[in-house]
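# Analysis of the macromolecular model
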Amino acid sequence: GQTNLKSPQDLQVYVVNTNFTLRWNYTGNDTNVTFSAEYRFEDFTTDEMEWKELPGCQNVTHTECDFSSAITEYYDNHHVRIRAERREEVSPWSSIFEMTPYVIAQISPPGIELQSINGVIKIKVSPPEANQVQKMWIDDLSFKYNLVIWENSSNAEFRNQSIFPTDIIDDLAPDTTYCLKVQATYPSDSKEGLFSPIHCVKTTRKAVNVLFCATNVSVLALNMQFHLHWNNQYKQLVSYNVQYLIGYLKKLYDDYSVKWLSVPGCENITDTQCNFSSIITTTSGLFYLRVQAMSEYNKSCLSNEVKVDPLVTNEIGPPGLKVDISDVLLHIQISPPGGSENEVMRDHYDLSYRVLYWKNSSNNEEEIKMKEIKQTIGTISDLAPSTLYCVKVQAFSKAYNKSSHFSKEECVKTPGDKILPLIILATFVTALIAVLLVATPLVFVLYQAYNKIKYVFFPSCQPPLNIEGFGGQFFNSPYLSTTEEAIENCSIIEAIITEVNQIDFKDYKHSKQSSRDSGNYSNDDDTSGSKVSEETLEKEIV
């Protein structure tokens, strides 16, 4: 059981795609030593971990071996160990190396094809596991590619950029040698692959710029309305055909040059602008646009491509604003940018609103106050009475770090202070009530005194002058005190006086009869009483 062989040390497993290499160190000075490895993996179906010989790593004479054919389960946990052997003599097993293939695997370099033409470099990239049956990375479309390019000179500057599987590298100097390398990445697992070998290629001279080509192609987008603009330097008749390509086609490894489509309404036009809003059918993908110019001699020229990421390219327009005032509140009603029917602006940008309001006065130092709201309806309190307030609103999206211009200012004046008029009205009503309470008894007393005085000094009816002195007791006022005692007057009444008096009495009786007929005496008792009085009076006179 004794042995002089030492155990191998520092086991490491290197995995590139589905290629597995085991490496180790051996510090012994023994000769004719070979190495053999074993492995096991967690089989969840049997719950057993039995050591097995590792294919490709038996009786090897070097300190590395390839066991790619042995591993087929890339997501299971594996254990590896190795020992030294010489004839019948073996060393103790090394420490166990534990691994999960998919976790430690690296991405191999992609394949590259280059073509230098017309001052640019066309590049075509192959996925890291192209044409392999057994793959570590199942989805080739999930790969992204990073390019590093530089001039082949002593003081070169490196330029990094992302490229598609089929792409064009422009902005290059003519007749210049460029070197480049490409790296594949797998963003879903945050993995970066190995760079490809360096490739160098010399650029050619670019063809003479055709005057009728569309230049300075740019996109202007506001509230999900997209317009393409370009310049025309050619003085002759030129027609344009605007083309677009759906972005995901560039992620494919096929040639997409034949998959460009014409924008509806922008075919064979002479204007230098095009509304391509109709092709933006989704907000999650990319679109590429270019302009094909056609001269009068049926020659064509393609402009540079422009990329459109709808929600990033689009700009937010100013919202609409309406304001109204109540007793103590300023009411704000906001219309979302693009109108309430623009669901893309409302749903995808998650808009908020920044409200600025201030007193519109001659004092330039009036403080501008700000309020942020999520809803399209809001209120502002703490307003001063009889004051002109102005309001403007800005829409913004935190998710896209975008904000609109401010809306047009809207101004409204708050109503006056109602406390002072109420105080004045209450004071007036109180004073009026007090005056009425004091004046009513006084007027009543004066009215009664007036009636008494009038009754005494200015009676409404006077006795006739021809009976003045007769029956004086009926006309004496009870309110006048008697200052002299009644003196009996005796006189001889001549017959002529009696006759006159009888005539006057008849006139008096006729007057009384007229009064009765006018309704002053309405019952029989009064009538009879009057007749008795007349008879009595007549007897006295006779």
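Here the structure is shown first, and the text comes after it.
Predicted model, so just to flag it, every value in this text is computed and none were measured.

## Some thoughts on the sheet that holds strand 30 (residues 377-380)
- Pairing is antiparallel in the open sheet, where three strands are placed in the order 26-27-30. Pairing within the sheet leaves two strands with one partner each, and these edge strands are strand 26 (320-325) and strand 30. Across the sheet, the axes of successive neighbouring strands diverge by a mean angle of 25°, strand direction being ignored.
- With four bridges connecting them, strand 27 (residues 330-335) and strand 30 associate as antiparallel partners. Bridge pairing links Q333 to I377 in strand 30.

## What to know about the side chain of S352
- Position of S352 relative to the elements: it lies in strand 28 (residues 352-359).
- Ignoring anything within four residues of it in the chain, the contact list for S352 reads I373, K374, Q394, A395 and F396.

## A look at the state of the cysteines
- Tallying each qualifying case throughout the model produces five disulfides.
- Between C57 and C65 runs a disulfide, and the two sulfur atoms are separated by 1.9 Å. Every disulfide takes its handedness from the sign of the S-S torsion; for C57 and C65 that torsion is 95°, giving right-handed.
- Taking the relative accessible area as the measure of exposure, C57 reaches 1% and is therefore buried.
- Here C65 falls in the buried class, since its relative accessible area comes to 6%.
- With a sulfur-sulfur separation of 1.9 Å, C266 is cross-linked through a disulfide to C274. Its S-S torsion of about 95° marks the bond between C266 and C274 as right-handed, since a negative value means left-handed.
- Taking relative accessible area as the criterion, C266 reaches 3% and is therefore assigned buried.

What counts and what doesn't
Residues numbered from 1 in each chain as written. Predicted model: local features only at pLDDT ≥ 70, side-chain atom pairs only at ≥ 80, totals over all residues. Heavy atoms only, no water. Pairing = 2+ DSSP bridges. Helix = DSSP H or I, 4+ residues; strand = E, 2+ residues; numbered from the N terminus. Axes fitted to C-alpha atoms, helices over the stretch in contact; angles between N-to-C directions. Contact = heavy atoms within 4.5 Å. Disulfide = S-S within 2.5 Å. Buried < 20%, exposed > 50% of the residue type's maximum accessible area, 1.4 Å probe, protein only.

On their own, these measurements won't tell you what the molecule is for.
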